[in-house]
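Listed below are the residues making up each chain.
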Amino acid sequence: MGAHAIDPGLDDLAATARAALVREIEASGAWAADPVWREAFESVPRHLFVPYYYVGALGGGYERRWGEDPSPRRRENWVRGAYADAPLATRVRDGELLSSSSQPSLMAKMLAELAVRDGDAVLEIGAGTGYNAALLSHRLGDAQVTTVDLDPEITESARQHLALAGHHPTVVTGDGARGCPERAPFDRIIATCTLSSIPRAWPAQCAPGARILAPFATGLIALRVRDSEYAEGRFLHTPAYFVPLRGGGRPGPELPDVEDLSELPRRTRSHELFRFLLTLTAGRLDPHEAYGIWEREGQPPRQRYGITVDGGRAWAWLDDPAGPYAWPLP
């Protein structure tokens, strides 16, 4: 049996599991902004992109599930897990997660929020398994999609997975922070890794009016590009947790130690939106100042925050780019 083949008895299980995943994503409202994405998720077989993945094992560590397991029961578990609405760890080294296949409903939400149009050229930062690039290729066509990753092993496996699924977008091994100038200009850029700064190369490689969607500080920032020097936008309400961008991206500042937060109310320290504010302003705003803003401004949700990139400067802000609450970004 080939590396990606499954025995005929699992074909029906894969189809049934994929249909159930599509219904689950539909019920979540993830692609409500652009329901055309339903067809892509119905058509692209996720199990081809995760011939093996890792799940938490009893007693710690990871246990591998794979499509060529000699046990029929474990092969069935592999197929069912491939179509769970959950992220899947696909590369682990010395106990550290290096790469994963994102939660499908979050992928659907991000793709819908990308607001693609027929004919758009899309750059994806972080090739992962190739599954997201396959969804984009199904919608837009192979020629319109470029995916970049720093790790040659990741790009090679993504290329193989994509070919097996019948898609051939451009797969590039390189530093995602530098974009892909040879394929520019782009109408959309989507990142599947967390940023600590907005790479200046990205707006410069975008057409005017382009949209950049990227994980940032446990949220998703949606930037509209005015020109090669200027981009601005607000965060979506959706929380998002991804592995960090590797390569030439600037390292993010450290979050405050637990001791630095010990004087703050326990409910605030553990509040997910307060943690977002701390992550967004880490190294630039004292936690006690952050708490003061948090309380004065009525515990603001993510949508009230935004980011502006203007030439060599970039800053995060609350409510207004020119308002009193603004913090420089690396």
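A brief structural summary. Treat the numbers as computed from the prediction; the structure is a model and nothing was measured. (Residues numbered from 1 in each chain as written. Predicted model: local features only at pLDDT ≥ 70, side-chain atom pairs only at ≥ 80, totals over all residues. Heavy atoms only, no water.)

One pass over the structure, following the stated rule, counts 17 salt bridges. Across the salt bridge formed by E113 and R211, the nearest N and O atoms sit 3.9 Å from each other. Of this pair, E113 sits in helix 4 (residues 104-114) while R211 sits in strand 9 (residues 206-216); the two residues are 98 residues apart in sequence, bridging distant segments of the chain. Residue R159 pairs with E156 through a salt bridge whose shortest N-O separation is 2.9 Å. In this pair, R159 and E156 both sit in helix 6 (residues 152-164), 3 residues apart, roughly one turn of the helix. (Salt bridge = Lys/Arg side-chain N within 4 Å of Asp/Glu carboxyl O. Helix = DSSP H or I, 4+ residues; strand = E, 2+ residues; numbered from the N terminus.)

Glancing now at the environment of T281. Topologically, T281 is positioned in the loop between helix 9 (272-280) and helix 10 (287-296). Between the C-alpha atoms of T281 and A326, which are 45 residues apart in sequence, the distance is 9.2 Å. At 2.8 Å, the side chain of T281 forms a polar contact with the backbone oxygen of L277. (Polar contact = N/O pair within 3.5 Å; in protein donor to acceptor, adjacent residues only side chain to side chain.)

Once that is clear, we can look at the packing of helix 4 against helix 5 (residues 131-140). Two elements in contact, helix 4 and helix 5, have axes whose closest approach is 12 Å; the angle formed by their N-to-C orientations is 40 degrees. When the axis of helix 4 is compared with that of helix 5, the two are oblique. The crossing of helix 4 and helix 5 is right-handed. Residue-level contacts link M107, L111 and L114 of helix 4 to Y131, N132, L135 and L136 of helix 5. Taken together, the residues that form the contact of helix 4 with helix 5 break down as 6 nonpolar, 1 polar and no charged. (Axes fitted to C-alpha atoms, helices over the stretch in contact; angles between N-to-C directions. Parallel < 35°, antiparallel > 145°, perpendicular 65-115°, else oblique. Left-handed = near helix turned anticlockwise from the far one by under 90°. Contact = heavy atoms within 4.5 Å. Nonpolar A, V, L, I, M, F, W, Y, C, P; charged D, E, K, R; others polar.)

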